Amino acid sequence: MTRPAPELLLPAGSLERMRAAYDFGADAVYAGQPRYSLRARNNEFRIEQIQTGIEEAHARGKKFFLTSNLLPHNDKVRTYLRDIAPIIAMGPDALIMADPGLIMQVREKWPEVAIHLSVQANTTNFMSVKFWQKVGITRIILSRELSLDEIEKIRQECPDMELEVFVHGALCIAYSGRCLLSGYFNRRDSNQGACTNACRWNYATQEAAVDPNTGEAMAVRMEGDFNFNKAQEDDNAAFSACGDGARHPKADQIYLLEEKERPGQLMPIMEDEHGTYIMNSKDLRAVEHVQRLVAIGVDSLKIEGRTKSAYYVSRTAQVYRRAIDDAVAGRPFNPELITELEGLANRGYTSGLLERRPAHDYQNYETGSSESKRSQYVAQVKSAADGWAEVETKNRFAVGDLLEIIHPSGNRTVRLAEMQSLEGEALEVAAGSPLRVRIALAGNVEGALLARVFESEKA
C-alpha cells in the first residue's frame, strides 16, 4: 500500500505560534481549550482564538486539531458537551481525546466528527488499535513507550488506520505522561492540564535506615553532594560482583529525596541496581529516524511543545520539514539537521524508546534546566524598510554578533554592523526583553526570527 508523505504536526499555544508553524512547513497544528486539554497554563486559545485559528488554517489549506485529552473528574464530564458544542460547530479537522466516556459522548452526539486517540490513552499494541478502530476512532497517537520495530508491527497489522508518532519535544518521566508529582507537591494535577514540572526541580538524595520500631525510613545524612554518575559506577561494579543469582548488595536500600525549596520534607524512594527514575528526562529528538518512520508508513509526525516559543516552533518545523522531504525524495539523511536542533534550548537529547538502549541514557542527572549550546533566540523582526528592521528583543545581543536570520524563504547568517534606538540613537547592546530597537538588516526579513550564533561552539 503506497502512502502519501507523512503530515508534519506542530504545537500551537497561540495564534502567533500557529502562524509560525504554517510558515515554516507544518501541515497541521494542534491547540486546545485550557479547561479540557493538558495545557491549562500558558495557553492563549479561548473560543475566539480557536475560531480564528480554524478559519486561518482552512484558508491556507492546512489542518487544525482541537486537543481535548484530559482525564476528567465528574464535574468536567457534566459540562463537556455544553462547552465542546460551539467548537465542533466551527469545524476543527479532528478532536484529540483520551477518555473513553467523553469519546462515547462525542461519538453518540456527533458521529461525523473525526477523533484522534491521544497518547494519554497508552496505545502500545495492534489489538488495542483494532479495538479503537471498531469504536470509530480515525487515528491513533501511539504511546511514546514503543520502539520502531513495534510501530512497524502495528502498521503491518493495522494497514487502514492512521498512525501518529511523537518525534521531538519534552519527555515525561511517568508512563505516557500520567505523572503524580505536581499534584502531590502543590495540588496542580498534571492529568488535568496543570503540571508544574516537578520532575525538573532540584533534589538531594539522602540514604535512609528503617526504624525497627515504627518501620519508617529515617535519614542518614550524607556528606557533600550526591553524585549520580559516581553512584552508578559504584552500583554497576557491585552488581557485577554479585554473580549469577546473587542478590545486589543495595537491593533493599531505601533513599529519601529532599527538594531544594522544601528543606526537611524527606520522601522515601526505592533504588535498585539501575538507579532511580523519577526525575529529569532528556528531550526527545528523532529527526535521525524520520526516514525509517516514513518507510514504515506512519501518517503523522508530531512535535511536542505548546508552551514553547515561536522560535522553537519555527526551528523544529523547518528542520523536520526538510527531514520529511528528504526521506520522501530518497535523499540520504542530512546530519546538519541535528546540529540545527542543538541550537534550541534542551535538556540533552535522546531517541527515547524508539531504540532500545541502557536506561541511564534517558535521564539527565546533571541539570534540571534547559541549555542552548550553539545559538540563542534573540529577536523577532516586526517591520523592515530601507535596509533597517525594527525588532522586538528576546535576549541580549550586540553589534558585532553573528546573527542567523530564520525565515520561511531560507536561512542566512549576517554580522550585525549597526543598531539604533527607535529615536535614532546609536546603540552597541540590546539588553534583552522587552525592548524594541532598529538594526541594519537588508533583504527579505519581514517576520524573520533572529538567533545569535555562539561562534566558539559553532567552530
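Every value quoted in this text rests on a predicted model; they were computed, and no experiment measured them. (Residues numbered from 1 in each chain as written. Predicted model: local features only at pLDDT ≥ 70, side-chain atom pairs only at ≥ 80, totals over all residues. Heavy atoms only, no water.)

Novice: Sorry if this is basic, but what is going on with the packing of helix H2 (residues 47-59) against helix H3 (residues 74-90) here?
Specialist: The relative placement of two packed helices is expressed as an angle between their axes plus a distance between the axes. It is the contact of H2 with H3, at a shortest axis distance of 10 Å, that shows an interaxial angle of 20°. It follows from the interaxial angle that H2 and H3 lie roughly parallel. Judged by the twist between their axes, the crossing of H2 over H3 is right-handed. In this structure, H2 contributes Ile 47, Ile 50, Gln 51 and Ile 54 to the contact, and H3 contributes Pro 86, Ile 87 and Met 90. Residue classes in the contact of H2 with H3 are distributed as six nonpolar, one polar and no charged. (Axes fitted to C-alpha atoms, helices over the stretch in contact; angles between N-to-C directions. Helix = DSSP H or I, 4+ residues; strand = E, 2+ residues; numbered from the N terminus. Parallel < 35°, antiparallel > 145°, perpendicular 65-115°, else oblique. Left-handed = near helix turned anticlockwise from the far one by under 90°. Contact = heavy atoms within 4.5 Å. Nonpolar A, V, L, I, M, F, W, Y, C, P; charged D, E, K, R; others polar.)

Novice: Explain the pattern of salt bridges to me, please; I cannot follow it from the model alone.
Specialist: One side chain can pair with another of opposite charge once the charged atoms of both are near each other. What the rule picks out here adds up to 26 salt bridges. Linking Arg 139 and Glu 164 is a salt bridge whose minimum nitrogen-to-oxygen distance equals 2.7 Å. With Arg 139 in strand S6 (residues 139-141) and Glu 164 in strand S7 (residues 162-169), this pair connects stretches of sequence that are 25 residues apart. Among the residues examined, Arg 139 registers a relative accessible area of 4% and is labelled buried. It is possible to trace a salt-bridge network through shared partners that takes in Glu 7, Arg 139, Glu 162, Glu 164 and Lys 302. (Salt bridge = Lys/Arg side-chain N within 4 Å of Asp/Glu carboxyl O. Buried < 20%, exposed > 50% of the residue type's maximum accessible area, 1.4 Å probe, protein only.)

Novice: What's the story with the nonpolar core in this structure? I'm lost.
Specialist: Most often, soluble globular proteins have nonpolar side chains that are buried together. Membership of the largest hydrophobic core comes to 76 residues, with the highest contact counts inside it found for Phe 64, Leu 95, Ile 140, Leu 142, Ile 151 and Tyr 320. Counting residues per element, this core draws most heavily on helix H10 (residues 310-329), which supplies nine residues. Composition of this core by domain shows at least three residues from each of domain 1 (7-171 + 281-361) and domain 3 (375-453). Setting aside its immediate chain neighbours within four residues, Tyr 320 contacts Leu 8, Val 167, His 168, Arg 285, Ala 286, Val 287, Val 290, Ile 303 and Leu 341. Core analysis: the second largest hydrophobic core is formed by 18 residues, Val 378, Ile 405, Ile 439 and Leu 450 among them. (Core = buried A, V, L, I, M, F, W, Y, C linked by side-chain atoms within 4.5 Å. Domains from an automatic or database assignment.)

Novice: Honestly, the packing of aromatic side chains in this entry has me stumped. Any pointers?
Specialist: What describes a pair of aromatic rings is the distance from one ring centre to the other and the angle between the planes of the rings. Under the criterion given, the structure shown has four aromatic pairs. Considering the side-chain rings of Phe 131 and Trp 132, the 5.2 Å spacing of their centres and the 75° angle between planes classify their relative orientation as edge-to-face. According to the relative accessible area criterion, Trp 132 is buried, its value standing at 11%. In this structure, Lys 308 packs its charged tip against the face of Tyr 312, placed 4.2 Å from the ring centre. (Phe/Tyr/Trp six-rings, centres within 6.5 Å; stacked < 30°, edge-to-face > 60°. Lys NZ or Arg CZ within 6 Å of the ring centre and 35° of its normal.)

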